[in-house]
Each structure stands twice: as structure tokens, then as C-alpha cells.
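Structural description and commentary
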Amino acid sequence: MRNTKGQELSERTPWIYDVKTKEKLATTHQVCPPNSQVELTQANLMTIVALLRGNCGLSKCISIYMVAMATGDLLVMIINVMVYYIFSYHFPHSFLSHTPVCKFILHQTAVNLDLAVWFTVSFTFDRFVIICYQTFKTKYCTERTAVLVITMFSILIFIKNIPMFFAYESEQMINKLFWGCRANLAFVSSPFGAAYIWFHSIWRVWLPFTLIVLFNSLTVRRVLVASRARRRLRGHSSENQSDSEMENRRKSIILLFTISGSFILFWLTDNVSLLTTRLSNTTYYRGDRTAPAYIATETGAMMKLLNSCINTFIYAATQRKFREELKKALKCPWTLIEGLFKNEAKPI
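What comes next is a walk through the structure. (Residues numbered from 1 in each chain as written. Predicted model: local features only at pLDDT ≥ 70, side-chain atom pairs only at ≥ 80, totals over all residues. Heavy atoms only, no water.)

**Details of the overall build of the protein**
Assigned secondary structure in the protein consists of 13 helices and four strands. Counting every atom, the protein has about 18,900 Å² of accessible surface; 65% of that belongs to carbon and sulfur. (Helix = DSSP H or I, 4+ residues; strand = E, 2+ residues; numbered from the N terminus. Areas by Shrake-Rupley, 256 points an atom, 1.4 Å probe, with all protein chains shown as cover.)

Structure below.
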């Protein structure tokens, strides 16, 4: 009876992972093969390198937020996808299945997703301040503030997910070693566990969505009002003249909306599925892999993870100097190899 209740609770709880669900791991493995995950991980790594070089034509403040987002996405690809899904699928009896290691991996999967979400919210708020509050931006939109915000969120998210260690227990003991992880029924059914589950859902899903939509709506409103006022001030005689301030603002808005918009679109299926399953008290997986609720939930989980590899393409599509730095990063290994061959070809 304990196992049945624990399984039901783990199915109803969005942040409880069933680490023995081979069907789910196999589905992810088929949709996102390992070689694709390696390539996407390399793309995030190259993004970090290109941004750290500081030649992308971006301010130091925005570069810090973009490096933080790329780092969060890189951690999601490495821990959540490669370690949790791929390695656990191919090596089910490795040290990754030891209960302490398993708990740590599950804790990190929650931390990484939270970091990716709240780094995006921080970036959105920074753009909102710099566009809508000209007087406050000189104090807030600085390199020091960006580092402080990123550090603060990282520490808070790590502390916030500490209860994840108590949300799981070992499945069995073999040769005096604890193996596997399963939902701890005592924790999940306790008042604290129930409150933490709801807090976790609000923290990762509804609060970030609300803030991103709110900040973007206010930003759009501010931009429209400022654009109309600027056109009136410039007059008809200078309509054809270039406006560097409006051009920079336009580029900033395009970058902001593409990042925020892709985040909302890629997380929307997962959030709607979570809302419907929790309000109707239905379990999204009962063994029928053709059930619409199960398909929606698995699709949402896949799209949520894919969001961690899309920002590189957004930067390349919207930022000309970033494309140039990315090309340099791609050419760098071949340039080094070419230099080595030239040095060897020189006569002594």
C-alpha cells in the first residue's frame, strides 16, 4: 500500500521524478539523442566564451546577465539532460544510482531549472528598468548590481531546494549500500511537504510567468509612448535622419522580446499541463502512453529542456557582433592547427 500511494503522489507532484521510469527515459533518449545533446552543450559553452570576450557590442551589465543565462542553460543540458536522462538510461547500475548521488542529482536538476528561470526574469527586469526608468537605471543597471543579483539568486535557489534531499528515500539496500531514489511518503504527505510543493510550483511557474508578462507589458507601453513623443519632437523635417538612441533601443527590445517570448512559449505547455493535472487531481501517467494528458506532459517536459539551448540561436539571429565572435570561436581551433603546421613546415 505504501508503494502505491508513493507512486500516485510522485505522479501528481510536478517536481517528484520517478527515477525508475524507463519508458520516460527511453522516450527522451529517442527524441533527443546523445550526439545532439553534446552539440547543444557545446553551443552553450561557445556562447559563454563569446560573451566573456566582451567584443559583442553589449554593455557589461547585460553581458553578465547573458553569461548567467547561458551558464544556467549549460547546467541544465549537462545535469538534467545528459546525466539524469542519458547516463541514467545507459548506466542504470552505476554509482549514479547510489542514493546519496541520486539525491544530489535530483537536487541539482531542480536548482538548474530554477536558475535558468530566474536568470531570465532578472534579465527581463534589468531591461525593463533601463528602458522605463532613466533616473533609476544609473544606480541599478551596473556591473556590480548585476553580479550581486546573480549571486543572490544563486544562493537563495540553492537554499530553497535543500528540502529536496528529504523528499526522497532509498529504494533498496544491497551489500550495505543504499540504491535508488523514490518519493518519501512521510515528507510528501506532511503539511510542510504539501506547502513546499505548492511553493515550489508558484516559485518556478506562476510567479516568473507573471513577472515576465508584467515587465514586458510595461516596457511595450513605455516604448510606444516614448516613440510617439520622439516623433513629435523631431518633426517632419528630420524624419529621414538617423536616430541612434531609437536604434539602440530597438535592438535592445528585440533581444528582450525574443528571449522572453521563447521562454514563455517553451514553458507554456508544461505549465498548462501542470495546471490541469493539479486542478483536476488526475495523474498524468497510468501506463497508457497514448493518453493526451501524458503526451502533453511529456511534450512540455521536452520543450522546457529545449528552451535551454535556444538562446544561442537567438543571440546569433539578433546580434551582428555576436555572430562575428561566434565565427571567430568556430575558426579558432582550425587557426591553431594551421599555425602548428606552418611552424613545423619552417626549415630549421
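**Description of the environment of proline 208**
Its place among the elements puts proline 208 in helix α9 (residues 191–234). Taking C-alpha positions, proline 208 is 9.9 Å from aspartate 114, a pair spaced 94 residues apart along the chain. The contacts of proline 208, once residues within four sequence positions are left out, are Val117, Trp118, Val121, Ile202 and Trp203. (Contact = heavy atoms within 4.5 Å.)

**Some remarks on the nonpolar core**
Counting residues in hydrophobic clusters, the biggest one holds 74 residues, and the most contacted among them are Tyr65, Met66, Phe123, Tyr315 and Phe322. No other element matches the 18 residues that helix α4 (residues 60–90) contributes to this core. Each residue touching methionine 66, except ones within four places of it in the same chain, is listed here: Leu51, Leu58, Phe123, Leu255 and Tyr315. (Core = buried A, V, L, I, M, F, W, Y, C linked by side-chain atoms within 4.5 Å. Buried < 20%, exposed > 50% of the residue type's maximum accessible area, 1.4 Å probe, protein only.)

**As for the side chain of asparagine 161**
Turning to its location among the elements, asparagine 161 is positioned in the loop between α7 (143–160) and β1 (168–169). On the basis of relative accessibility, which here comes to 0%, the residue asparagine 161 falls in the buried class. If we skip the residues at most four places from it in the chain, asparagine 161 touches His107, Ala110, Val111, Asp114, Tyr196 and His200.

**Brief notes about the environment of glutamine 108**
Here glutamine 108 is to be found in helix α5 (residues 99–132). Looking at glutamine 108, the relative accessible area reads 15%, which means it is buried. Taking the C-alpha atoms as reference, glutamine 108 lies 8.5 Å from phenylalanine 158; in sequence the two are 50 residues apart. When sequence neighbours within four positions are dropped, the list of residues in contact with glutamine 108 reads Ile79, Asn80 and Phe158.

**Focus on the pattern of salt bridges**
Inspection of every chain in the model, using the stated rule, returns four salt bridges. For aspartate 114, the salt bridge identified is with lysine 160, shortest N-O distance 2.8 Å. On the criterion of sequence distance, the pair formed by aspartate 114 in helix α5 and lysine 160 in helix α7 is long-range, its members being 46 residues apart. Residue classification places aspartate 114 among the buried positions, given a relative accessible area of 0%. Put simply, aspartate 114 and arginine 204 hold a salt bridge, and the shortest N to O gap is 2.9 Å. With aspartate 114 in helix α5 and arginine 204 in helix α9, this residue pair connects regions lying 90 residues apart in the sequence. Neither residue differs from the other here; aspartate 114 and arginine 204 are each classed as buried. Connected through salt bridges with shared partners, the residues Asp114, Lys160 and Arg204 form a single ionic network. (Salt bridge = Lys/Arg side-chain N within 4 Å of Asp/Glu carboxyl O.)

**Structural notes on the packing of aromatic side chains**
The full count for this structure, using the stated rule, is 15 aromatic pairs. When the ring of phenylalanine 125 is compared with that of phenylalanine 128, the centres are 6.0 Å apart and the planes differ by 40 degrees; the resulting orientation is tilted. Of the two residues, phenylalanine 125 and phenylalanine 128 both sit in helix α5, three residues apart, roughly one turn of that helix. The buried category is assigned to phenylalanine 128, whose relative accessible area is 6%. Look at phenylalanine 192 and tyrosine 196: their rings are 6.4 Å apart centre to centre, the planes differ by 20 degrees, and that puts the pair in the stacked class. Here phenylalanine 192 pairs with tyrosine 196, and both are found in helix α9, just four residues apart, close to one helical turn. (Phe/Tyr/Trp six-rings, centres within 6.5 Å; stacked < 30°, edge-to-face > 60°.)

**Concerning the packing of α5 against α7**
Where α5 meets α7, the axes come as close as 9 Å, and the angle between the chain directions of the two elements is 150 degrees. Pair α5 / α7 crosses with right-handed handedness. Contacts between α5 and α7 involve His107, Gln108, Val111, Asp114, Leu115, Trp118, Phe119 and Ser122 from the former and Val149, Ile150, Phe153, Ser154, Ile157, Phe158 and Lys160 from the latter. Here the residues of the contact of α5 with α7 sort into nine nonpolar, four polar and two charged. (Axes fitted to C-alpha atoms, helices over the stretch in contact; angles between N-to-C directions. Left-handed = near helix turned anticlockwise from the far one by under 90°. Nonpolar A, V, L, I, M, F, W, Y, C, P; charged D, E, K, R; others polar.)

**Digging into the packing of α4 against α5**
In contact at an axis separation of 9 Å, α4 and α5 are set at 155 degrees when each is read in the N-to-C sense. Accordingly, the angle class assigned to the pair α4 and α5 is roughly antiparallel. The crossing of α4 and α5 is left-handed. Residue composition of the contact of α4 with α5, grouped by class: 18 nonpolar, seven polar and three charged. (Parallel < 35°, antiparallel > 145°, perpendicular 65-115°, else oblique.)

**Focus: the state of the cysteines**
What the rule picks out here adds up to one disulfide. Here cysteine 102 connects covalently by a disulfide to cysteine 181, the sulfurs 2.3 Å from one another. Highlighted residues: cysteine 102 in helix α5 and cysteine 181 in the loop between β3 (177–179) and β4 (182–183), separated in sequence by 79 residues. Considered together, cysteine 102 and cysteine 181 belong to a single accessibility category, that of buried residues. (Disulfide = S-S within 2.5 Å.)

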